[in-house]
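Each chain, written out:
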Amino acid sequence: MSERLDQLPQWEALGKHRESLGEVHLRELFAGDAARGSRYVLDVGDLRIDYSKHLITDDTLELLRELAEVRGVARLRDAMFRGEKINVTEKRAVLHTALRAPRDAVIEVDGENVVPAVHAVLDKMADFSNRIRSGAWTGHTGKRIRTVVNIGIGGSDLGPAMAYEVLRSYTDRELQFRFVSNVDGADLHEAVRDLDPAETLFIIASKTFTTIETITNATSARTWLLDGLGGDEAAVAKHFVALSTNAEKVAEFGIDVENMFEFWDWVGGRYSYDSAIGLSLMIAIGPDRFREMLDGFRLVDEHFRTAPPESNAPLLLGLLGVWYGAFFDAQTHAVLPYSHYLSRFTAYLQQLDMESNGKSVDRSGRPVTWQTGPVVWGTPGTNGQHAYYQLLHQGTKMIPADLIGFAQPVADLSPELAGHHDLLMANLFAQGQALAFGKTAEEVAAEGVPAEQVPHRTFRGNRPTTTILARELTPSVLGQLIALYEHKVFVQGAIWDIDSFDQWGVELGKVLAKRIEPALTEGAEVPGLDSSTAGLVAAYRAMRGR
Ligand code: F6P
């Protein structure tokens, strides 16, 4: 049983250090060190990570690294990479890093090397993707597949949906891709309403193959397909494939296990889009690009595994989050990509971070007395600037933010549209600058602003950001970014001593929904229902005329 985080001398030292910093301003920190903007920068693979606009000094970093050391972050990291069962509540290994290991690597779980199976599945995915892309795989009536519909939810949806958007400019534009997750029938309805079943492939993505939303949507998709193709059950084999760990349930559903792409219980749902769960993405961008993405993941895995603490980016970013949560009472973390293609990126990170670190007991079950994971939120800039950035700049809350951008516009933009790019990036840099340094009352007054308006037009600044800049948004860069965030989340879980790899918090709602559904459909009695929920159920039934 590890020592309580807030009892550690290193924690106390950080608290004292925070007090000594007082109201120190980024303006002072920059003024006191002309090299700050070049010293507090890390280059990892293709990522340039500027962390100079943080409320830290060399002492802060030293103390945070000491905390990581005493907390055994490196030990736990090595145990994860070795395949030890660090997901203690589910007694499972945590090996998403094995999904991008080279063919000749040896990583054992229960004495068995898992790497050959990883590559066998990748090869099977590549073969299938090539057949769909070339038209060699045809539907039941002999037509080639034009649309791929991925049905899944949570990690079986967010990853492929996000990555498809991010890498859109690399996709085969002859094919369409749609992602259905919500059990609201409207989601599937809108996804298939203009499709020809003869040209549609459904990918049913579910680690467990028991998730009610996915199975419900998959069942309705099968009905839609069979209705459209004259009811011949044989059509299912040509139009449905499954991505799962559960062959039995896949077969029970009626999908030939030949058409199943396997993964394993040591891949967490929110860490799974580089496994078979990425099949829709691989069909979209092709196997070579998919492998480039895996190379990007691996590059950051190796960096995290081997870089010294002083230059270890996931370690640093994880520690900064701990610092703000504990010592500045920051409750949320904004991820603000300056790329239209990253429109689903933050939504993806929400699951990665909040399902991993939204915990309030430690690994031995004791309540924690420190903050754990932040609320992660954000949308691409510059749109957010005209919506909620007001609060970032002048609100009362401390909201650390990541600003992410790319030097090159994507390749297939016309010269005119590519010309927007400098304006986009000027906004990114301007926001980091404004958030950090603000605008003093003196500066505002000097512009001749009437005295009564000065307080309204003053920007306190001192709002921390990390800027992540890459030359170009490539598949490899996407892999690098995701691995960076995966390992950042890992570091924080290790410091907070929580199990970042279980998700018991999603269970209760599932059980209660199952209990409530018969009350809605048949008016069944739900024993022990509270008066509020009972009233809502009754009102719902009345509105439905039941
Ligand atoms: O809601 C919890 C969860 O288990 C997520 O962790 C997971 O990504 C999602 O449901 C989907 O699960 P499955 O892939 O088993 O359908």
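What you see is a predicted model; the values in this text were computed from it and never measured. (Residues numbered from 1 in each chain as written. Predicted model: local features only at pLDDT ≥ 70, side-chain atom pairs only at ≥ 80, totals over all residues. Heavy atoms only, no water.)

Ordered in space as β6-β5-β7-β8-β9, the five strands form an open sheet in which the pairing is parallel. Only two strands of the sheet have a single partner each, and these edge strands are β6 (176-180) and β9 (260-262). Adjacent strand axes in the sheet meet at a mean angle of 20 degrees, parallel and antiparallel pairs treated alike. Here five bridges tie strand β5 (residues 147-151) to strand β7 (residues 200-205), and the two strands are oriented parallel to one another. Looking across to β7, one finds that Thr147 is bridged to Thr200. Here helix α9 (residues 212-228) sits on the sheet in contact with β5, β6, β7 and β8 (240-244), set at roughly 160 degrees to β7. (Pairing = 2+ DSSP bridges. Helix = DSSP H or I, 4+ residues; strand = E, 2+ residues; numbered from the N terminus. Axes fitted to C-alpha atoms, helices over the stretch in contact; angles between N-to-C directions. Contact = heavy atoms within 4.5 Å.)

The next thing to look at is the UniProt feature "active site" (unreviewed entry) in the protein. Here the UniProt feature "active site" (unreviewed entry) sits at Glu355, His386 and Lys510. The greatest C-alpha distance among the annotated residues, which extend across 156 residues, is 37.1 Å, indicating that they are dispersed rather than converging on a single site. Within the annotated group, the residues that form the lining of the largest pocket are Glu355 and Lys510. Within the element layout of this structure, Glu355 appears in helix α15 (residues 345-357). Those residues in contact with Glu355, other than ones at most four positions away along the chain, are Arg270, Gln350, Asp502, Gln503 and Val506. Relative to the helices and strands, His386 is located in the loop between β11 (375-377) and α16 (389-394). (UniProt positions renumbered as here; feature names shortened; annotations may be inferred. 1 Å grid on protein atoms, 1.4 Å probe; cavity = no way out; pocket = protein on both sides within 12 Å on 5 of 7 lines; lining within 4 Å.)

With that settled, consider the environment of Ala284. Of note, Ala284 is situated in helix α12 (residues 279-285). With 114 residues separating them in the primary sequence, Ala284 and Tyr170 have C-alpha atoms 7.8 Å apart. Not counting residues up to four positions away in its chain, the partners in contact with Ala284 are Arg133, Tyr164, Tyr170, Thr171, Asp172 and Phe177.

Turning to helix α5 (residues 73-82), its buried residues are Val73, Leu76, Arg77, Ala79, Met80 and Phe81. Those residues of α5 that are buried lie in contact with α4 (58-70), α13 (287-306), α14 (313-327) and α21 (475-496). A positive backbone phi angle near 90 degrees is found at Gly83, which sits one or two residues after α5. (Buried < 20%, exposed > 50% of the residue type's maximum accessible area, 1.4 Å probe, protein only.)

Our next topic: the pattern of salt bridges. Evaluated as defined, the whole model comprises 33 salt bridges. Close ionic contact of Glu486 with Arg100 constitutes a salt bridge, the shortest N to O distance being 2.7 Å. In this pair, Glu486 is assigned in helix α21 and Arg100 in the loop between α5 and β3 (108-109), connecting sequence segments 386 residues apart. For the salt bridge of Lys143 with Asp196, the shortest nitrogen-to-oxygen distance reads 2.9 Å. Of this pair, Lys143 sits in the loop between α6 (115-134) and β5 while Asp196 sits in the loop between α8 (185-192) and β7, placing them 53 residues apart in sequence. Looking at Lys143, the relative accessible area reads 37%, which means it is partly exposed. (Salt bridge = Lys/Arg side-chain N within 4 Å of Asp/Glu carboxyl O.)

Per the counting criterion, the structure on display carries four cavities of 30 Å³ or more. Approximately 190 Å³ is the volume attributed to the largest cavity. Taken together, 19 residues make up the lining of the largest cavity; nearest its centre are Leu320, Gly321, His333, Lys488 and Gln492. Of all the secondary-structure elements, those providing two or more residues to the lining of the largest cavity are α14, β10 (332-337) and α21. No other element matches α14, which puts five residues into the lining of the largest cavity. For the lining of the largest cavity, the per-class residue count stands at eight nonpolar, nine polar and two charged. (Points joined across faces, edges and corners; volume = space filled by probe spheres on them. Nonpolar A, V, L, I, M, F, W, Y, C, P; charged D, E, K, R; others polar.)

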